[in-house]
Amino acid sequence: MAEQWQDVLDHAVAVAQKAGKVVREALQSDRKVSTKSSSIDLVTQTDQKVEQLIIQSVKETFPAHRFIGEESVAAGEPCDLTDEPTWIIDPIDGTTNFVHTFPFVAVSIGFLVNNRRFYPK
């Protein structure tokens, strides 16, 4: 099964690297911070920008795939798991660190097929 999804893995790595560059650059500039569900549930413009960058890039290459993005779901989009290939995105995993300019953050991208996690070998 790994060979069948190698192009997905390759794309995920490439887009994560592009997203990481955006995050690194944003660490050097002012960050506009908002809250989602509570005062400790933070979101930045960079979170939203990175999520959209990932979704757009994946849509161009894999137009039939679905998405569940942390920021999209927080904004009200449904969080539906189906058997369709689905990308799970946390654009800045560690937003609180990011807001305080601690560089201990990650771009997290998961991939599900048939409601099961995909693990490359």
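Here the structure is a predicted model, which means the values were calculated and not measured.

### Digging into the side chain of Thr95
Among the structural elements, Thr95 can be located in helix H4 (residues 95–99). Using a relative accessible area of 9% as the deciding quantity, one classes Thr95 as buried. Within the structure, Thr95 has its side chain in polar contact with the backbone oxygen of Ile92 (distance 3.0 Å).

### Considerations on the UniProt feature "binding site: Mg(2+) 2" (unreviewed entry) in the protein chain
Within this structure's numbering, the places UniProt gives as "binding site: Mg(2+) 2" (unreviewed entry) are Asp90 and Asp93. One can find Asp90 in strand E4 (residues 86–93). What makes Asp90 buried here is its relative accessible area of 18%. With sequence-adjacent residues up to four places away left out, Asp90 is seen in contact with Glu70, Ala106, Val107 and Ser108. A relative accessible area of 39% means that Asp93 is categorised as partly exposed. The residues contacting Asp93, other than those within four sequence positions of it, are Val105, Ala106 and Ser108.

### Let's talk about the side chain of Thr86
Its place among the elements puts Thr86 in strand E4. Side-chain polar atoms of Thr86 contact the backbone oxygen of Glu84, separated by 2.8 Å.

### Quick look at helix H1 (residues 6–27)
With 22 residues, H1 should cover 32 Å at 1.5 Å per step; its first-to-last C-alpha distance of 31 Å lies within 8% of that length. All buried positions along H1 are accounted for by Val8, His11, Ala12, Val15, Ala19, Gly20, Val22, Val23, Ala26 and Leu27. Taken together, the buried residues of H1 touch helix H2 (45–61), E4, H4 and strand E5 (106–113).

Criteria and cut-off values
Residues numbered from 1 in each chain as written. Predicted model: local features only at pLDDT ≥ 70, side-chain atom pairs only at ≥ 80, totals over all residues. Heavy atoms only, no water. Helix = DSSP H or I, 4+ residues; strand = E, 2+ residues; numbered from the N terminus. Buried < 20%, exposed > 50% of the residue type's maximum accessible area, 1.4 Å probe, protein only. Polar contact = N/O pair within 3.5 Å; in protein donor to acceptor, adjacent residues only side chain to side chain. UniProt positions renumbered as here; feature names shortened; annotations may be inferred. Contact = heavy atoms within 4.5 Å. Expected span 1.5 Å × (residues − 1).

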